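What the coordinates show
This is what each chain is made of:
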Amino acid sequence: MREILKCTNCGKEFSTDALYQRCDVCNETLDVVHKIKKQKKLSFNGNNLIEKYRSFMPSFSSIQGLSMGEGNTPLIESRYLSREIGIEQLFFKDESRNPTGSFKDRGTFTGIRRAIQLGIKEVGTASTGNMAASVSAYAARAGIKCHILVSKETPDEKLIPILVYQPNLIKIEGDYGKLYYESLRIGKENGIYFINGDDPYRSEGSKTISFEIIEALYPRIPDYIFVPLSSGGNILSLIKGIEELNQAGLLDKFPTIIGVQAKGCAPIYNAFKEKKMTITKIPNPNTIAHAISNPFPPSGNKLLRKLNHYPGSVIAVDDEQLLKAQKLLASREGVFSQPEGVASLAGAIMMRQQNKITPHDRIVCIITGSGLKVKEVLKGLISNIKCINMADLEKTLLNR
Ligand SMILES: *Cc1c(COP(=O)(O)O)cnc(C)c1O
Ligand SMILES: [Zn+2]
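A separate point is the packing of aromatic side chains. Within the structure shown, the criterion is met by ten aromatic pairs. Here a set of aromatic residues connected by ring pairs shows up, and it is made of Phe44, Tyr53, Phe56 and Phe211.

Here is the structure:
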């Protein structure tokens, strides 16, 4: 059987021969559904994510040279923080090592591959951050046109890591939340593939993070995986990957997945806490964590539905916890994440303090993006740098 696209809400099926991204009946998200064969052992080989995880992938035609080595990131065991925060087995999945510095490259790789397979020559995304940089870079690599839609308020400085790839970047006045749906409509009618956060084929790439985490620790399975949460695309892909490993007969238990939002913009957390099945838009997001502050996440409802069937929950941390976790991860472990990228660690620290996880639980924190692109939040570090005359160098160095 070839794969199909299926609505995650009403179950309507769509052919994979054309560009479908959301259900035309209920407007909810679609999943790629394909048959997973039983496997005897967990062992993967291949030059890129599609080759390596072929048995879990939809049919992609072969395209040479598109890969930039996305994925294959290290699972780093904590040396110092595990003791400080009282978690014996603590691991960081360092997604900052991807070609453009975030996990987005996994899904962009498969998304662009899908676009080329459909014969589409233009792609795009509505994003001002890592997603935009990632899609721009892979479009450049594929030699196809790329449209980046950002809100009018975005500061120019933030656009530099995107503009370097020379996409067609357009600032837009109006409701940024509507832009996602408007871009999908225009794209479908005009052959532009908007590879937004919860595109079904982006998800096929993003889910490989689960295969890597499980493979790295196998046969041990993590008790908890913490992941920063905004639109929900990444966490849902993570769960999809785990469920597919289970269908292949390779798991004997499910890791519990904890999505961590920023308190200043936590629509999924709010709904989850109140046991609602639909999210409500946040009118005024207020957080430094821009990469995880989607006020009306397009996959929010899908995640709420999923958490009825999969072990997991959603929590929220404030900006202070994020900045503290960012500095801890860099100063104790040597890993420089953007503040959004350590929402996972901030969440694990909080749940440990609240005794909701034990010292013996095996914990993986996904570090979603590099700190190198996002420096404005760290201006405070500059306040007390020492400056001395060279004649005083020895004295100063030895004055420990
Ligand atoms: C995009 C992004 C997220 C949020 O992922 P979603 O799929 O939108 O939930 C988290 N952290 C970083 C660094 C990101 O770039
Ligand atoms: Zn539907």
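Turning our attention to the site of ligand 1. Near ligand 1 you find 15 residues, and of these Lys104, Asn130, Ser231, Asn234 and Thr368 are the closest. Ser230 is positioned such that a nitrogen or oxygen atom in its backbone is 2.9 Å from an oxygen atom of ligand 1. Contact between ligand 1 and Thr368: a nitrogen atom at 2.7 Å from a side-chain N or O atom of the residue. Protein chains bury 94% of the 380 Å² of accessible surface belonging to ligand 1 in isolation. Looking at the shell around ligand 1 residue by residue, the class counts come to five nonpolar, nine polar and one charged.

Turning to the sheet that holds strand E8 (residues 168-172), a few remarks are in order. Strand order in this open sheet of four strands is E8-E7-E6-E9, and the pairing throughout is parallel. Two strands close off the open sheet at either side, each with one partner strand: E8 and strand E9 (192-194). Strand after strand, the sheet turns through a mean of 25° between neighbouring axes, direction not considered. Sheet topology note: the strand E6 (residues 122-126)/E9 ladder contains three bridges and is parallel. By the bridge assignment, Glu122 is partnered in E9 with Ile192.

Next up on the list: helix H3 (residues 104-117). The terminal C-alpha atoms of H3, which comprises 14 residues, lie 20 Å apart, in line with the 20 Å expected from a rise of 1.5 Å per residue. In terms of burial, H3 is a largely internal element, twelve of the 14 residues being buried. Listed as buried for H3 are Lys104, Asp105, Arg106, Gly107, Thr108, Phe109, Thr110, Gly111, Ile112, Arg113, Arg114 and Ala115. Among the residues trailing H3, Gly119 stands out with phi positive, at a value near 80°.

Time to look at the coordination of the zinc ion (ligand 2). Coordination of the zinc ion (ligand 2) by the protein is provided by Cys7 (SG), Cys10 (SG), Cys23 (SG) and Cys26 (SG), with metal-donor distances spanning 2.3 Å. What the four donor atoms of the zinc ion (ligand 2) show is an angle range of 96 to 123° at the metal, which sorts the shape as tetrahedral. Read N to C, the donor residues that coordinate the zinc ion (ligand 2) are spaced as C-x2-C-x12-C-x2-C. In this pair, Cys10 sits in the loop between strand E1 (4-7) and strand E2 (13-14) while Cys26 sits in the loop between E2 and strand E3 (30-33), placing the two residues 16 residues apart along the sequence. A residue is classified by how much of its surface remains accessible, and Cys10, at 43% relative accessible area, is partly exposed.

Attention now moves to the pattern of salt bridges. Throughout the structure, instances matching the rule amount to 21 salt bridges. The partner of Asp198 in a salt bridge is Arg22, with the nearest N and O atoms 3.3 Å apart. Taken together, the positions of Asp198 in the loop between E9 and helix H7 (200-206) and Arg22 in the loop between E2 and E3 put the pair 176 residues apart, joining distant regions of the chain. Neither Asp198 nor Arg22 differs from the other in exposure class; each is buried. In this structure, the salt-bridge partner of Glu243 is Lys306, at a minimum N-O distance of 2.9 Å. Here Lys306 lies in helix H11 (residues 300-306) and Glu243 lies in helix H9 (residues 233-247), a separation of 63 residues in the sequence. Members of the salt-bridge network, linked through shared partners, are Lys93, Glu95, Arg106 and Glu212.

Calculation rules
Residues numbered from 1 in each chain as written. Chains lettered and ligands numbered in written order. Predicted model: local features only at pLDDT ≥ 70, side-chain atom pairs only at ≥ 80, totals over all residues. Heavy atoms only, no water. Phe/Tyr/Trp six-rings, centres within 6.5 Å; stacked < 30°, edge-to-face > 60°. Near = heavy atom within 4 Å. Polar contact = N/O pair within 3.5 Å; in protein donor to acceptor, adjacent residues only side chain to side chain. Areas by Shrake-Rupley, 256 points an atom, 1.4 Å probe, with all protein chains shown as cover. Nonpolar A, V, L, I, M, F, W, Y, C, P; charged D, E, K, R; others polar. Pairing = 2+ DSSP bridges. Helix = DSSP H or I, 4+ residues; strand = E, 2+ residues; numbered from the N terminus. Axes fitted to C-alpha atoms, helices over the stretch in contact; angles between N-to-C directions. Expected span 1.5 Å × (residues − 1). Buried < 20%, exposed > 50% of the residue type's maximum accessible area, 1.4 Å probe, protein only. Donors = N, O, S within 2.8 Å, 3.2 Å for Na, K, Ca; no water. Tetrahedral: all angles 85-135°; square planar, octahedral: opposite > 155°, others 65-115°. Salt bridge = Lys/Arg side-chain N within 4 Å of Asp/Glu carboxyl O.

By themselves, these are just geometric observations and shouldn't be taken as functional.
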